[in-house]
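Chain by chain, the residues run as shown.
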Amino acid sequence: MRGNGEGSFTHLPDGAIRVEISVTDGLGRRLRRSKTLRPTKGKPVSDTRCREALEALEAQYPDGKVVAKSETVGTYLDRWWSDVLPMSRRVTVTTKSNYDTMIRCHLRPALGDILLDALTAKAVNVMLRGMVLKGKSQSTARVARTVLVLALGDAVVDGLVPVNVAAQTKAPRGTTKERRSLTVDEARSFLAAAEGTPLVAAWKTAIYLGLRPGEVRGLAWSDIDFDAGTLKVVHAQRRDGGQLVARGQTKTASAVRTLRLPSPILDALKRHRENQDAERITAGDIWEDTDELVFTTKDGAPIRSETYRRDFRKVVASAGISGDLVPHELRHTAASIMSDQGIRAEVIGDILGHADGGELVMKTYRHSLAPILDGHLAIGDNLLVANPS
């Protein structure tokens, strides 16, 4: 076996000669560094050229070691997100923003100080297991791994690393956070407690139609046709690079849909518009709603997710409902109640705006209510009678 820095010459079929030396990296791994010399003007490669090429390689690695690249994983991920990703893949603004969150919150804190060419599959696995131990969901760990696999895949293509070590790992089987739907009695209590609160129309829209929280907050009055009794979901509130986008892209193309409004929602939205008109007059010049949003603060600003979640939990507490619930539970509730009404899974998938129709509905959103309902459903005015159009 040749020692570090020792050279070798390999004659290739086309008359070229490959000059190689053996070196090691910072982790002690043996690597080869080479230069291929080709015949010029019909003359074979001379011994002098071979010796000069060998001396040049040895001069690059005087101690037989690879000098580590200065770029760290954190530096590379930042550059990949801003420069490489937009050129290598077609991604939506929302997806790019989600990747940024994964990099900022998970990948950079755990791996950012490691040199890019020294990153190992073991280090990635340690990060993934750590995410689960800290209470992050299996889904979050899986997305973080996916982002790293994509980034390192581009690094391999660019010749920055020899292999994609993230692709050699597996997302851990962590504990998926169990979410539930409200029972019918809880749904009734929730709607009763919501009456008189500023966002009662939002809660009714979410629990009757199963809109995502961001879709509710992204609704504009132009999306609602009171004469036709329909609501169009065409935007959703998103964050792009940490900035709030009041009317951003929906999660997927299939999330764009038109839904029929049950009379309880129509009535609630009409009352809400009257209240908002009064708030606009009171606010005067400080009213800032430029998107004509349906749900705003008292000065016309978009309602942020933190405020939305806080107000939701106030209603939950007022209704006497136990559990660590979040607004997305209303979407689960909508899917479960529609299913128990006998609405087919694929139709529910259309109403919820799922790309895969009813498959995800049955896997994720379907919570059995039959033992509580005894086969009967009646909340308010035929809760969840919406149909996509």
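Keep in mind the model is a prediction, meaning the values are calculated, not measured.

### Quick word on the overall build of the protein chain
Per the secondary structure count, the protein chain includes 14 helices and eight strands. Accessible area for the protein chain stands at about 20,100 Å²; split by element, carbon and sulfur atoms hold 50% of it.

### Things to note about the packing of aromatic side chains
Overall, the coordinates contain six aromatic pairs when judged by the stated rule. Here the aromatic cluster, defined as three or more aromatic residues joined through ring pairs, consists of F190, W203, Y308 and F312. Lying over the aromatic face of W81, K96 brings its terminal NZ or CZ to 3.5 Å of the ring centre. Across the ring face of W221, the terminal group of R273 is positioned such that the distance to the ring centre comes to 5.8 Å.

### Here we look at the nonpolar core
Among the nonpolar cores identified, the biggest contains 47 residues, and F190, W203, L269 and F295 are the most heavily contacted of them. Elements with a minimum of two residues in this core: helix 6 (184-194), helix 7 (200-209), strand 5 (230-233), helix 9 (263-283), helix 10 (305-318), helix 11 (329-340) and helix 12 (345-352). Of all the elements, helix 7 adds the most residues to this core, at eight residues. Residue contacts for F295: discarding those within four places in its chain leaves L199, A201, A202, V216, L219, L269, H272, Q276 and I303. By size, the runner-up hydrophobic cluster in this structure holds 30 residues, among which are W81, L111, L150 and V165.

### As for the packing of helix 3 (residues 93-111) against helix 4 (residues 121-133)
Put simply, helix 3 and helix 4 touch, their axes get as near as 10 Å, and they point 130° apart. Classified by the interaxial angle, the pair formed by helix 3 and helix 4 is oblique. The two elements helix 3 and helix 4 meet at a crossing, and its hand is right-handed. Residue-level inspection shows H106, L107, A110 and L111 of helix 3 in contact with helix 4, the latter providing A123, V124, M127 and M131.

### Topic: the sheet that holds strand 8 (residues 257-260)
As summarised here, the arrangement of the three strands in space is 4-5-8, forming an open sheet in which the pairing is antiparallel. Single-partner strands in this sheet number two, and they are strand 4 (224-225) and strand 8. Summarising the sheet, strand 5 and strand 8 pair through four bridges and their orientation is antiparallel. The residue bridging V233 from the neighbouring strand is R257, located in strand 8.

### Focus: helix 10
Between its first and last C-alpha atoms helix 10 spans 20 Å; for 14 residues at 1.5 Å apiece the expected length is 20 Å, and the two agree. Within two residues after helix 10, G320 carries a phi angle of roughly 75°, on the positive side.

### Quick look at the side chain of D154
With respect to the helices and strands, the residue D154 is situated in helix 5 (residues 138-157). At a separation of 2.7 Å, a polar atom in the side chain of D154 contacts the side chain of W80. Dropping the residues within four chain positions of it, D154 is found in contact with Y76, W80, V84, S88 and R89.

### Describing the pattern of salt bridges
In total, this model carries 14 salt bridges according to the counting rule given. Across the pair R38 and D14 runs a salt bridge, and its minimum N-O distance is 2.8 Å. Here R38, found in the loop between strand 3 (30-37) and helix 1 (47-60), pairs with D14, found in the loop between strand 1 (7-11) and strand 2 (17-24); they are 24 residues apart in sequence, far enough to count as distant. When the shortest N-O distance is used, the salt bridge between E71 and R79 registers 3.0 Å. Within this structure, R212, E215 and R257 form a network of salt bridges that share partners.

### Things to note about the sheet that holds strand 1
Pairing is antiparallel in the open sheet, where three strands are placed in the order 1-2-3. Either end of the sheet is taken by a strand with one partner, and the two such strands are strand 1 and strand 3. Across the sheet, the axes of successive neighbouring strands diverge by a mean angle of 25°, strand direction being ignored. Together, strand 1, strand 2 and strand 3 form the strand contacts of helix 1, whose direction differs from that of strand 2 by roughly 20°.

What counts as what
Residues numbered from 1 in each chain as written. Predicted model: local features only at pLDDT ≥ 70, side-chain atom pairs only at ≥ 80, totals over all residues. Heavy atoms only, no water. Helix = DSSP H or I, 4+ residues; strand = E, 2+ residues; numbered from the N terminus. Areas by Shrake-Rupley, 256 points an atom, 1.4 Å probe, with all protein chains shown as cover. Phe/Tyr/Trp six-rings, centres within 6.5 Å; stacked < 30°, edge-to-face > 60°. Lys NZ or Arg CZ within 6 Å of the ring centre and 35° of its normal. Core = buried A, V, L, I, M, F, W, Y, C linked by side-chain atoms within 4.5 Å. Buried < 20%, exposed > 50% of the residue type's maximum accessible area, 1.4 Å probe, protein only. Contact = heavy atoms within 4.5 Å. Axes fitted to C-alpha atoms, helices over the stretch in contact; angles between N-to-C directions. Parallel < 35°, antiparallel > 145°, perpendicular 65-115°, else oblique. Left-handed = near helix turned anticlockwise from the far one by under 90°. Pairing = 2+ DSSP bridges. Expected span 1.5 Å × (residues − 1). Polar contact = N/O pair within 3.5 Å; in protein donor to acceptor, adjacent residues only side chain to side chain. Salt bridge = Lys/Arg side-chain N within 4 Å of Asp/Glu carboxyl O.

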